[in-house]
2 protein chains.
Amino acid sequence: MTATQSKLHLLDVTLRDGSHSMKHAFTEEQVRAVARGLDTAGVEFFEVSHGDGLGGSSLQYGLSAVDEMKLIAAAAEECKQAKISVLLLPGIGIQENLEEAVQAGAKMVRVATHVTEADVAKQHIELGRKLGLKTVGFLMMAHMAPVEKLVEQAKLFESYGAEIVYATDSAGALLPHETRERISALRQHLSCEIGFHGHNNLSLAMANTLAAIEAGATYIDGSLRCLGAGSGNTQTEVMVAVLDRLGYRTDIALYPIMDVANQVVAKFMPRPQEITGGSLIMGYSGVYSSFLLHTQAAAEKFNVDERDILIELGRRQAVGGQEDLIVEVASMLAKNR
Amino acid sequence: MTATQSKLHLLDVTLRDGSHSMKHAFTEEQVRAVARGLDTAGVEFFEVSHGDGLGGSSLQYGLSAVDEMKLIAAAAEECKQAKISVLLLPGIGIQENLEEAVQAGAKMVRVATHVTEADVAKQHIELGRKLGLKTVGFLMMAHMAPVEKLVEQAKLFESYGAEIVYATDSAGALLPHETRERISALRQHLSCEIGFHGHNNLSLAMANTLAAIEAGATYIDGSLRCLGAGSGNTQTEVMVAVLDRLGYRTDIALYPIMDVANQVVAKFMPRPQEITGGSLIMGYSGVYSSFLLHTQAAAEKFNVDERDILIELGRRQAVGGQEDLIVEVASMLAKNR
């Protein structure tokens, strides 16, 4: 990889993916402080939503402590230049949620589906464009589909009007050569911009990020202090330092982005984003990172090894929305003991 | 990278590099528990010494709570198959220390010098061979020398009798393409085996480890829960999972290695090995990871930003042994404020 001085777009997901780690209990004060810090540091886009996207606040996915529309509006108020993204999973969020988010100040929508389900998102992508938003297709659990399938689904997103399509490593399961293969294929077969969203369950978030950039991705996600589901995301402030060393231009200032990470986020995060027993096995077996806290609760309730639950969920190819399977598997393992 | 089924040798440095993070206060009980866990999991080699190697216990480098010879003997007692390595920095450790370590049960010595100083290690390498140890040359701060210089120094080590030569990223400063370039050159110009030791200051320890393996390294260091200087090392138990996914053979069992990480090491580590302000800047500016706690103390004493101290140390190309520079730089920054 050589210095290119090409412009990369960094999108910080602390206030959305981090919602999982915070058990969806972000306060307005926390959101304002992070938003101010990101805006000051020069971050171009950052995402604010429930961890499972607009409308995610529910018994199944976890209730938000503060209404996300209030959080989006608060974040928007703090911004001089940064633009706010929202995540929308069709089936969890509805079109009215998106319209309300735009009222609150959102300028970008990322419509997220399982890697094989892009076709459920046609109307949401079209709505995003109609509302004047920067509109993104977000293919989750990208490790679960062969490269050709991923390309096919990405082309669907592009055909609906998505301006950027992401390959999303929701389980932190991709290896660098798998990331490179996927992003290269997307770059080859699509005309729109390509994005990458990583998780650090195998300690490979930064490796995958660099592989994605080398292969042609121009939109890259990260979170401050890695705050996110599972073992968290590519660490935004570290990525700024690494990209600077590699000669890429992000227009983000290093000390200010470190300051919001270490003086704001580090102060309220409930625990460090280490790679522990459960989160490692999620990456190893390819299980959705947002299943982590649910799995730990089930392991405790049924007195079984959380790793065994996760390996079985991986074997069954469980995907987002199948949270009920966690308890079913835990119960089965307890009975078979 | 493809599955190769070639055998990789993993060397765990928790009980040596982790000594920095523990402020050299490992107890005999902790060392026995870690040694037992590593041995049970099937780890082939692990290292036990003061963080700065044999004889490192001193006011300058930090006093060990328990004599390292006692710790080496205790670890050796716990092992059915694993072999114990010791680190020796000529100038800090002396030949008598090595002889004593062999009495205590050490089977491998890693003779460590700054990347341009291999010639000070001739007699130590020769002594290692004479004592029947697996004998290793360990070139620290490998990012500070051009590739040709690194190769020249590695060839010196090989000429003295080293059976393995390591490129050691002491500052966590190497980028994956730089690691690949260095290990490829060593592989091309040397006949002995090649090793790699990484630090995670830029969240690239695992990326560099995979780059090193692809380029021909067959000895790889890691530490449990990353316990080590700076932001810590490549996380051993995660590496076992990743190498398994890639099809490499390590003969280490995943659940048992995770258990010693999460049920033993995690319980006594004083703080998580996150990438924070100081440790990030060490990787960014290329400063020796074991300087971290000393720098933080100086930053507090002189009320200056630890990052400014580290960036100035990087500019001055400070190397191990120049710990006095930390206070000098901090004092200079305080005066110039």
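Residues numbered from 1 in each chain as written. Chains lettered and ligands numbered in written order. Predicted model: local features only at pLDDT ≥ 70, side-chain atom pairs only at ≥ 80, totals over all residues. Heavy atoms only, no water.

Trainee: Outline the interface of chain A and chain B, supporting the account with residue identities and numerical values.
Mentor: Contact with chain A, which involves 42 residues of that partner, is made by 42 residues of chain B. Approximately 3,500 Å² of surface area, both sides summed, lies buried where chain A meets chain B, with 59% of it carried by carbon and sulfur atoms. Of all residues in chain A, A:Arg245, A:Tyr255 and A:Tyr284 bury the most surface against chain B, accounting for 20% of the area lost on that side. Scanning the region where chain A abuts chain B turns up six salt bridges. (Contact = heavy atoms within 4.5 Å. Buried area = accessible area lost by both parts, 1.4 Å probe. Salt bridge = Lys/Arg side-chain N within 4 Å of Asp/Glu carboxyl O.)

Trainee: Any chance you could break down the UniProt feature "active site" (unreviewed entry) in chain A for me, citing the residues and the numbers?
Mentor: Residues and elements named next belong to chain A. Those places that UniProt annotates as "active site" (unreviewed entry) correspond, in this numbering, to His20. By the element assignment, His20 lies in helix α1 (residues 18-21). Residues in contact with His20, not counting those within four places in the same chain, are Gly51, Asp52, Ala229, Ser290 and Leu293. (UniProt positions renumbered as here; feature names shortened; annotations may be inferred. Helix = DSSP H or I, 4+ residues; strand = E, 2+ residues; numbered from the N terminus.)

Trainee: Account for the pattern of salt bridges, naming residues and giving values.
Mentor: Under the criterion given, the structure shown has 40 salt bridges over all chains. For A:Glu47, the salt bridge goes to A:Arg16, with nearest N and O atoms at 2.9 Å. Taken together, the residues A:Glu47 in strand β2 (residues 45-47) and A:Arg16 in the loop between β1 (9-12) and α1 connect sequence positions 31 residues apart. Residue A:Glu47 is classed as buried on the basis of its relative accessible area of 0%. A salt bridge links B:Arg316 to B:Glu328; the shortest N-O distance between them is 3.2 Å. You can see B:Arg316 sitting in the loop between α13 (306-315) and α14 (324-335) and its partner B:Glu328 sitting in helix α14, a full twelve residues away along the chain. By relative accessible area, which is 47% here, B:Glu328 ends up partly exposed. A single salt-bridge network, built from bridges that share partners, covers A:Arg16, A:Asp17, A:Glu47, A:Arg110 and A:Asp221. (Buried < 20%, exposed > 50% of the residue type's maximum accessible area, 1.4 Å probe, protein only.)

Trainee: Can you tell me about the packing of helix α13 (residues 306-315) of chain A against helix α10 (residues 254-268) of chain B, naming the residues and giving the values?
Mentor: The N-to-C vectors of α13(A) and α10(B) enclose an angle of 140°; their axes lie 12 Å apart at closest approach. One way to sum up the angle between α13(A) and α10(B) is to call them oblique. The way α13(A) lies across α10(B) gives a crossing that is right-handed. Residue-level contacts link A:Arg307, A:Asp308 and A:Ile311 of α13(A) to B:Tyr255, B:Met258 and B:Asp259 of α10(B). (Axes fitted to C-alpha atoms, helices over the stretch in contact; angles between N-to-C directions. Parallel < 35°, antiparallel > 145°, perpendicular 65-115°, else oblique. Left-handed = near helix turned anticlockwise from the far one by under 90°.)

Trainee: Lay out the domain arrangement of chain A with the relevant residues and their values.
Mentor: Residues and elements named next belong to chain A. According to the domain assignment, chain A contains domain 1 (9-268) and domain 2 (277-335). Of the residues lining the interface, 21 residues belong to domain 1; the matching set on domain 2 comes to 19 residues. When domain 1 packs against domain 2, the two sides together hide about 1,400 Å² of surface, and 59% of this comes from carbon and sulfur. It is Gln60, Met144 and Asn201 in domain 1 that bury the most area against domain 2; as a group they hold 28% of the surface buried on that side. There are six residue pairs in polar contact (both at pLDDT 80 or more) connecting domain 1 and domain 2. (Domains from an automatic or database assignment. Polar contact = N/O pair within 3.5 Å; in protein donor to acceptor, adjacent residues only side chain to side chain.)

Trainee: I'd like to hear about the relation of the copies chain A and chain B, residue by residue, with values.
Mentor: With an axial shift of 0.0 Å and an RMSD of 0.0 Å, the rotation relating chain A to chain B amounts to 180°. Look at the turn and shift together and you get a two-fold axis relating the two. Identified as the residue of chain A closest to the rotation axis by C-alpha distance is A:Ala207, at 2.5 Å. Most of the interface of chain A is mirrored in chain B, where 100% of its interface residues are also at the interface. (Least-squares fit on C-alpha atoms with pLDDT ≥ 70 in both.)

Trainee: Pulling in residues and values, what's your account of helix α11 (residues 277-285) of chain A?
Mentor: Burial analysis of α11(A) places seven of its nine residues in the buried class, the great majority of the element. On its buried face, α11(A) sits against α12 (292-302) and α13 of chain A together with α9 (236-246) and α10 of chain B. One or two residues past the end of α11(A) sits A:Gly286, with phi positive at roughly 80°.

Trainee: Explain helix α4 (residues 95-104) of chain A to me, and be specific about the residues and the numbers.
Mentor: Residue and element names in this part refer to chain A. Among the residues making up α4, those that are buried are Asn97, Leu98, Ala101 and Ala104. Seen along its axis, α4 keeps its buried residues to an arc of 115°; they face one direction. For α4, the secondary structure elements touched by its buried residues are α3 (68-78), β3 (83-88), β4 (106-114) and α5 (122-130). Backbone geometry just downstream of α4 places Gly105 in the positive-phi region, at approximately 125°. (Arc of directions from axis to C-beta.)

Trainee: Lay out the sheet that holds strand β8 (residues 219-222) of chain B with the relevant residues and their values.
Mentor: Residue and element names in this part refer to chain B. Ordered by their spatial adjacency, eight strands build a closed barrel running β1-β2-β3-β4-β5-β6-β7-β8, and the pairing between neighbours is parallel. When the angles between neighbouring strand axes are averaged without regard to direction, this sheet yields 25°. Inspection of the sheet shows strand β3 (residues 83-88) paired to strand β4 (residues 106-114) by five bridges, in the parallel sense. Within β4, the residue paired with Ile84 across the bridge is Ala106. Strand contacts of helix α3 (residues 68-78): β2 (45-47), β3 and β4, with the helix running at about 160° to β3, the strand carrying the most contacts. Each of β6 (164-168) and β7 (193-197) touches helix α7 (residues 176-189); the most contacted strand, β7, lies at about 160° to it. (Pairing = 2+ DSSP bridges.)

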